[in-house]
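For reference, the chains in residue letters:
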Amino acid sequence: MGKKKHQARIKLRKAADEIVVEMFQGKWDHLPNFTTRSMDELTELFVELEKRCPDHKREEYKKTFLRSYLENR
């Protein structure tokens, strides 16, 4: 893995960590059933991660968010 790609993954991880904190602060509560929907249905989450860190694949966003969620709860 090149240095640029590694830095992009670090940035994505930080963005996912920030979203997890926002979730616990209630900033995502306006979305219906956000905490009870399956991961594949959380399109708002992936759109936000893509805005913050573009150019990753959907599966990478999903795996990174799940890792952040499990480690930060």
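Each value, and the rule that gives it
Going along each chain's sequence as written, the residues are numbered from 1 onward. Local features in a predicted model are, by the rule used here, given only for residues with pLDDT of at least 70; side-chain atom pairs are given and counted only at 80 or more, and totals for whole chains, interfaces and linings are based on all residues. Water and hydrogen atoms play no part in the side-chain values, which are based on all heavy atoms of the structure. Where helices and strands are cited, they refer to DSSP runs of H or I of at least four residues and of E of at least two residues respectively, numbered from the N terminus. Each radius of gyration is computed over the set of C-alpha atoms, and the globule rule expresses the reference value as 2.2 Å times the number of residues to the power 0.38. Here's how the labels work: a residue is buried when its accessible area is under 20% of the maximum for its type, exposed when over 50%, partly exposed in between, all with a 1.4 Å probe on protein chains only. Multiplying 1.5 Å by the residue count of a helix minus one yields the expected span of that helix. Throughout, a contact is declared for two residues whenever any of their heavy atoms are within 4.5 Å. Working definition of a nonpolar core: buried Ala, Val, Leu, Ile, Met, Phe, Trp, Tyr and Cys residues. They are joined through side-chain atoms within 4.5 Å. Ring geometry is summarised as follows: Phe, Tyr and Trp rings, the Trp one being its six-membered ring, pair when their centres sit within 6.5 Å, and such pairs are stacked at plane angles under 30 degrees, edge-to-face over 60 and tilted between the two. Think of a salt bridge as a Lys or Arg side-chain nitrogen and an Asp or Glu carboxyl oxygen that are within 4 Å of each other.

K.L.:
Which parts of the structure should I look at to understand the overall build of the protein?
P.N.:
Broken down by element type, the protein carries 3 helices and 0 strands. When the elements of the protein are put in sequence order from the N terminus, they spell out α-α-α. Compactness check: the protein gives a C-alpha radius of gyration of 12 Å against a globular reference of 11 Å for 73 residues, within 12% of the reference. Counting all 73 residues of the protein, 33% fall into the buried class.

K.L.:
Looking at this structure, how should I read helix H3 (residues 58-72)?
P.N.:
Note: α-helices contain 3.6 residues per turn, so residues at a spacing of three or four share the same orientation. When the terminal C-alpha atoms of H3 are compared, their 21 Å separation across 15 residues agrees well with the 21 Å that a helix rising 1.5 Å per residue should span. Every buried residue of H3 is listed here: Glu60, Tyr61, Lys62, Thr64, Phe65 and Ser68. Turning to H3, the residues buried within the fold contact helix H1 (3-25) and helix H2 (43-52).

K.L.:
For this particular structure, what's the right way to read unusual backbone geometry?
P.N.:
Outside of glycine, negative phi angles account for most residues, and trans bonds account for most peptide bonds. Positive phi values are uncommon outside glycine, yet Asp55 reaches one of about 75 degrees. With respect to the secondary-structure elements, Asp55 resides in the loop between H2 and H3. In this structure Asp55 comes out as exposed when scored by relative accessible area, which is 74%.

K.L.:
Quick question: what am I supposed to make of the nonpolar core here?
P.N.:
A general feature of soluble globular proteins is that nonpolar side chains tend to end up buried together. Core analysis: the largest hydrophobic core is formed by 17 residues, its most contacted members being Ile19, Phe34, Leu45, Leu49 and Phe65. Looking at this core, the elements that each hand over two or more residues are H1, H2 and H3. Take this core: its biggest share by element is 6 residues, from H1.

K.L.:
For this particular structure, what's the right way to read the packing of aromatic side chains?
P.N.:
Aromatic ring pairs are reported here in terms of the distance separating the ring centres and the angle at which the planes meet. Within this structure, the stated rule accounts for 2 aromatic pairs. Where Phe24 meets Tyr69, the ring centres are 5.9 Å apart and the plane angle is 20 degrees; that geometry is what we call stacked. With Phe24 in helix H1 and Tyr69 in helix H3, the pair connects residues that are 45 residues apart, well separated along the chain. Residue Tyr69 is classed as partly exposed on the basis of its relative accessible area, which comes to 28%.

K.L.:
What is the right way to read the pattern of salt bridges from this model?
P.N.:
Pairs may arise between side chains of opposite charge once their charged atoms sit close together. With the rule as written, the count across this model stands at 8 salt bridges. Between Glu60 and Arg9 there is a salt bridge, with the nearest N and O atoms lying 3.0 Å from each other. Here Glu60, found in helix H3, pairs with Arg9, found in helix H1; they are 51 residues apart in sequence, far enough to count as distant. Here Glu18 ties to Arg52 by a salt bridge, and the two come within 3.6 Å at their closest N and O atoms.

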